[in-house]
Structure formats: structure tokens, C-alpha cells
Amino acid sequence: MTRATDAWPAYLAIATVGYVIYGLGAVGPFLRERLGLTDTQVGLHSTALAIGFVIAGSFAARAGARFGELAVRAASLLLIAIAVVALAWAPTVAVTLAAALAIGLGAGAVLGYTNASLARAGGSASRLALGRANVWAMVAAFTAPVLFAAGASAGVGWWIGLVPALALVAFDLLDLRQGPRLAVDDGIDGRSLPTTFWLAWAYLVAVVAVEFCIVFWAATLVERRTASPMDESTLVAALFFAGMFVGRLGLSVGIGTTGDVRRPAGVGLLLAALGAAVGWVSTLAAVSGAGLFVAGVGVAGLYPAGIAAALAAAPRQLAAAGAHLTLASGVAILIAPLALGAVADLTGVVVGWTLVIGLAVVALTLSRALPRGMSDGI
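Residues numbered from 1 in each chain as written. Predicted model: local features only at pLDDT ≥ 70, side-chain atom pairs only at ≥ 80, totals over all residues. Heavy atoms only, no water.

**Student:** Would you mind going over the packing of aromatic side chains with me for this structure?
**Tutor:** Each aromatic ring pair is specified by the distance between its two centres and by the angle formed by the two planes. Going through the model one piece at a time under the given rule, you end up with 10 aromatic pairs. Aromatic rings pair up to connect W8, Y11 and W136 into one cluster. (Phe/Tyr/Trp six-rings, centres within 6.5 Å; stacked < 30°, edge-to-face > 60°.)

The following block contains the structure:
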């Protein structure tokens, strides 16, 4: 089992990643107002974030092998802190885009190491730990926009919502005193990772793509299908996050974390596809919201299951495997929402939404290649 002394610093690191990633999305409207940005310029921040993830996934393991795990973790956390300060101060869009890139780079490296650390226990223990960690990511995701809005409403300034991010980074830096969390990898070359890892990697790309297509486009779908105002459509779309939170609470108490990993992955994908389909055909906001809630419950366990399965396939290469899984997330976030947007520009978001359902079907097929069961040690 993962000891509490190991788990809580990891949970804190995951919460930090969740806070800065989802917080970046929440500051978009405030940056638009302060800097006079266009919608396209605001959207470029998510692209920069994804590029940062891709870079981290491509090079973090090699940097760790050369400079050491502690140096890379410390540099990544400091990079996040600098980027957060830059967002609060930034006078131009060039600075905010650079900050978004830095957040993706730093958060991606931290995420890779943290996921690998949580997976050391193996089997159901790692799945439970990863599920609990992602509950804290969801708590942070909900907290960030609330604090930004509260700061703006109180007249203090939206930037006050960035202060907790700096506090989280400071606590994460304290954990470095415990030394490296991972043994030195047998190798860092991705080509040496087993085929089972790459199948789980492909599954992870598909499920992250499903999640972020819904995150970026659900409000627009609800608006177009139900003719609701955008503010109401945004609230309806937020039920997807509520569903994810409920689903991850279930994971935190052990639901779906034992036995054949393919079973909960399959059930989750069926729920995600069903919920997305309801949102696709519904012309009533309440029904759309119910569908998105169900989709959120389904999506909740897909990422932790994929991470656990992939890392179980590479027990002696956890740092390299964790970094490559960050790359998987970055690729999915970078490509899938843009692809849906491109289809939507040509045919409308209602037709483009079929991409979400198609990706869920692809992920369901790939989930059949995940290991039947995961042993108690890796």
C-alpha cells in the first residue's frame, strides 16, 4: 500500500496541478477584459498549455536522468510559481501565452513524477491512490474559479485567486526534503517500453480527448441545441464537472479500483457515450444537463484507470512511463478540441459532437487491450 506520508504530498501535488491548469481556463475572461483580447487569443492559452505538456512529456524523463529527479521537480515547481506571478502582472498577451506554456511545462513534469510515485504500490492500491489524488484535482478545479470571481466581486482583484497556487507550490517544495520518490529507471528511451504500455497510452489519449472535447464544447452544444442563453448553457455544462466529482468520490472509497481494470473502464465509457449522446439529441436544457452529468460520472474513472494500467506495464521505468503519459495528455488536449472545432466550423457543433461519441467508441475498443487484472505489486 502507498503510505500516508507518501500519499498526501502526492495528493497535494496533484491538487496544485489541477488548480493551475483549470485556473488558467478561469482567468481567460479576466485577461480578455484587462488586455482587450479576442476570443481567439484567449483560446490560444489552452493551446500553449497543451504544448507545454507535450514538451514536458518528451523531455522530462531525460532531464531527470541527467540532472536528477529532485532538480527537475524543483525546477518545475519554480517554473509554475514564476508563471503564476506573470499571469497576475502580465502587460501583454505575449507574456500570458508564455506563462501558459510554462504552466503546461511545469505542471506536466510534476504530474508525470506524481502519477509514477502513486503507482509504485501496484494493483488495486495504485488505482485507489490515483482515484483519491484526482478527487483533490477536482476540488482544486472547482475552487480556482470561485476564488477568482470572489476576488473580482470584492474589489480586491481577480488575481488574488492566484495566491493559493503559490501556497500550494511552497508546500510541494517542502516535500523535496524527503528525497527522490522513484528509483532510477532502467532506461529512458520510450522505444524500450513494452507494447502493453503503448496500448494503454493510446487508450489514455482517447479518454483524455473525450474529456476535454466535452469540457471545451459542451456549453456551445447546449446553447445551439436548446437555444438557451450562454450563461445558462455554461451552468448546464458545469454539470459535467459535478458528475466527474461524484464519480471520483466513488473511486476514493474503492468503487471500481479492484479486479479487472477493463470492467470499470468499459462501464465508464458506456456511460460517457450515453451521456454525450443525450446531450447531442436533447433540445431541453434540463435533459442535456442530466446527460452531461452522467457523462461526467463515466469519464471520472477513465484517466486514473489508464494511468494505473500503463504504469503497471512498465514497473522498472516509472519515471519514463510517467513522462510519456503526460505527453499523451498533451497530445489529446492539443489536438482533439481543435479537431472538433474545425469540424464545427464546417458543419456545425451539433455534427461535430459526433467526434466525442466516436472517440468514446475508439477508447472502448482500446480498453479491451488493457490488462485483465493488475497484481498487488509492480
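Still more ground to cover, so stick around.
**Student:** Teacher, can you tell me more about the side chain of E211 here?
**Tutor:** For E211, the position within the fold is in helix α8 (residues 195–226). The side chain of E211 sits in the buried core without any salt bridge; R248 is the nearest counter-charge, 4.5 Å away. For E211, the contacting residues outside a window of four places in its chain are Y22, F240, M244, R248 and V299. (Helix = DSSP H or I, 4+ residues; strand = E, 2+ residues; numbered from the N terminus. Buried < 20%, exposed > 50% of the residue type's maximum accessible area, 1.4 Å probe, protein only. Lys, Arg positive; Asp, Glu negative; His and termini not counted. Salt bridge = Lys/Arg side-chain N within 4 Å of Asp/Glu carboxyl O. Contact = heavy atoms within 4.5 Å.)

**Student:** Would you mind showing me how to read a nonpolar patch on the surface here?
**Tutor:** Together, I51, I55, F59, L101 and L105 make up an exposed nonpolar region whose accessible area comes to about 390 Å². Every element with two or more residues in the nonpolar patch is listed here: α3 (39–67) and α5 (93–118). It is α3 that contributes the most residues to the nonpolar patch, 3 residues altogether. Locating I51 in the fold gives a position in helix α3. (Patch = residues over 30% accessible without salt bridge, like charges linked within 9 Å, V, L, I, M, F, W, Y side chains within 5 Å. Areas by Shrake-Rupley, 256 points an atom, 1.4 Å probe, with all protein chains shown as cover.)

**Student:** Could you clarify how one ought to interpret the nonpolar core in this entry?
**Tutor:** Grouped burial of nonpolar side chains is what soluble globular proteins tend to show. Judged by nonpolar contacts, the single largest core of 118 residues is most densely connected at I214 and W353. Considering every element that reaches this core, the biggest residue donor is α8, with 18 residues. Among residues more than four places away in sequence, those in contact with W353 are C213, I214, W217, A218, L221, A276, W280, L292 and L340. (Core = buried A, V, L, I, M, F, W, Y, C linked by side-chain atoms within 4.5 Å.)

**Student:** Would you mind going over the side chain of S252 with me for this structure?
**Tutor:** Its location among the elements puts S252 in helix α10 (residues 239–252). At 2.6 Å, the side chain of S252 forms a polar contact with the backbone oxygen of L249. In contact with S252, not counting residues within four places along its chain, are L128, R132 and V135. (Polar contact = N/O pair within 3.5 Å; in protein donor to acceptor, adjacent residues only side chain to side chain.)

**Student:** Hey, could you run me through helix α12 (residues 285–300) in this one?
**Tutor:** In an α-helix, one turn spans 3.6 residues, which is why side chains three or four residues apart end up on the same side. With 16 residues, α12 extends 22 Å from end C-alpha to end C-alpha; this agrees with the ideal 22 Å at 1.5 Å per step. Buried within α12 we find A285, S288, G289, G291, L292, A295, G296, G298, V299 and A300. Elements in contact with the buried residues of α12: α8, α9 (230–237), α10, α11 (262–281) and α13 (302–312). (Expected span 1.5 Å × (residues − 1).)

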